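Each chain is listed here by its residues.
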Amino acid sequence: MSLPQQCEAAFGTADLYGVLGVRRGAAPQDIRRGYHRASLRLHPDRVPPEHKEEATRRFQILGKVYAVLSDEKQRAVYDETGTVDEDAEALQDGRDWLEYWQLLFKVTVKDIEDFQKSYKNSAEELADVKAAYLNFKGDMDRIMESVMCVDYTDEPRIREMIEGAIDSGELPSFKAFVKEPKRKMMSRRRRVEKEAKEAKKTKDELGLGEENDLQALIKSRSRDREKEMDNFLAQLEAKYGNSAKKGGKKGSAKKRK
């Protein structure tokens, strides 16, 4: 399977630039930054044990994409032909991409955790959300997959950022966003519930039966986020359901707390 085909299977796009979340013609530093962002989001150390094999596979594909786009000659061939030199040394399966990543960025797991804390609700996150909205023309599935350090419980917060930028005129109003079918929203909700069940299964397998203060706090926050998602879906149905019946005119974004 060629690298573009691997990307299609793993990330839903055969475009190497799309995998890194950058535009064609991006400067080398932007290619590196795109790889850094995507690798932080996909790093195998961030997933439960049962997902580690799949996360490692996607991480390896991501490393190969960067190897092509960071090499001037290979990138030129890809830009001209849309194909990749699969025999290139950097694309062989023997390379340890985790070690390569560590050497390239010199990042530890604690660095990842600290980055996540500082990134959320930052100006950088807002800029990335806006860029993802434009790149994927309002497709929330793709937006939520591409923005770093978020899961589907963050959707109300991310969506509010986008609505604010639309209302201020910073972003266009894409139909895929303002008239997204409720079934797609519910599909994301089901993923949240599936992830929660998998997390509980992992906790039980590790024998973490006793609940300490931290675990109680996490459970409490999880319940709050589920309630927030319920309210969020109801508000979207009232807002966009009504506007769609009236010809799709966009009203002002409601403030959510």
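The structure reproduced in this document is the subject of the present report. This is a predicted model, so every value here is computed, not measured. Along each chain, residues carry numbers from 1 onward, in the same order as the chain's sequence is written. Under the rules for a predicted model, residues below a pLDDT of 70 receive no local features and side-chain atom pairs below 80 are neither given nor counted, while totals for whole chains, interfaces and linings still include all residues. Values reported for side chains reflect all heavy atoms of the structure, with hydrogen atoms and water molecules removed beforehand.

**Observations concerning the packing of helix H8 (residues 123-135) against helix H10 (residues 155-167)**
- Interhelical geometry of H8 versus H10 gives an angle of 75° and a closest axis separation of 10 Å. Compared by their axis directions, H8 and H10 come out roughly perpendicular. The residues of H10 that touch H8, namely those facing Glu125, Leu126, Val129, Lys130 and Tyr133, are Arg157, Ile158, Met161, Ile162, Ala165 and Ile166.
- Ten residues, namely Ala, Val, Leu, Ile, Met, Phe, Trp, Tyr, Cys and Pro, are considered nonpolar, four, namely Asp, Glu, Lys and Arg, are considered charged, and the remaining ones, Gly among them, are considered polar. Across the contact of H8 with H10, the residue classes tally to eight nonpolar, no polar and three charged. Comment: axis = line fitted to C-alpha atoms, over the contacting stretch for helices; angle = value between 0 and 180 degrees taken between N-to-C directions. Strands here mean DSSP runs of E at least two residues long; helices mean DSSP runs of H or I at least four residues long; both are numbered from the N terminus. Working rule for angles: under 35 degrees goes down as roughly parallel, over 145 as roughly antiparallel, 65 to 115 as roughly perpendicular, anything else as oblique. Any pair of residues with heavy atoms lying within 4.5 Å of one another is described as a contacting pair.

**Topic: the nonpolar core**
- Counting residues in each nonpolar core, the largest one holds 25 residues, and the members touching the most others are Leu3, Leu16 and Leu69.
- The biggest single contributor to this core is helix H4 (residues 52-69), with seven residues.
- Leu3 has contacts with Leu16, Ile61, Lys64, Val65, Val68, Val84, Glu86 and Leu91, leaving out every residue within four places of it along the chain.
- In this structure, Leu40, Val147, Tyr152 and Val178 belong to the second largest nonpolar core, which totals 22 residues. Here the nonpolar core consists of buried residues drawn from Ala, Val, Leu, Ile, Met, Phe, Trp, Tyr and Cys, with membership extended through side-chain atoms lying within 4.5 Å. Per-residue accessibility, obtained with a 1.4 Å probe over protein chains only, is compared with the maximum for each type, and a residue is labelled buried under 20%, exposed over 50%, and partly exposed between these values.

**Thoughts on unusual backbone geometry**
- Notably, Asn121 is not glycine yet its phi reads approximately 65°, a positive angle.
- Relative to the helices and strands, Asn121 is located in the loop between helix H7 (109-119) and H8.
- You can call Asn121 exposed: its relative accessible area is 57%.
- Positive phi, close to 50°, is recorded for Lys137, a residue that is not glycine.
- Mapped onto the fold, Lys137 is located in the loop between H8 and helix H9 (140-146).

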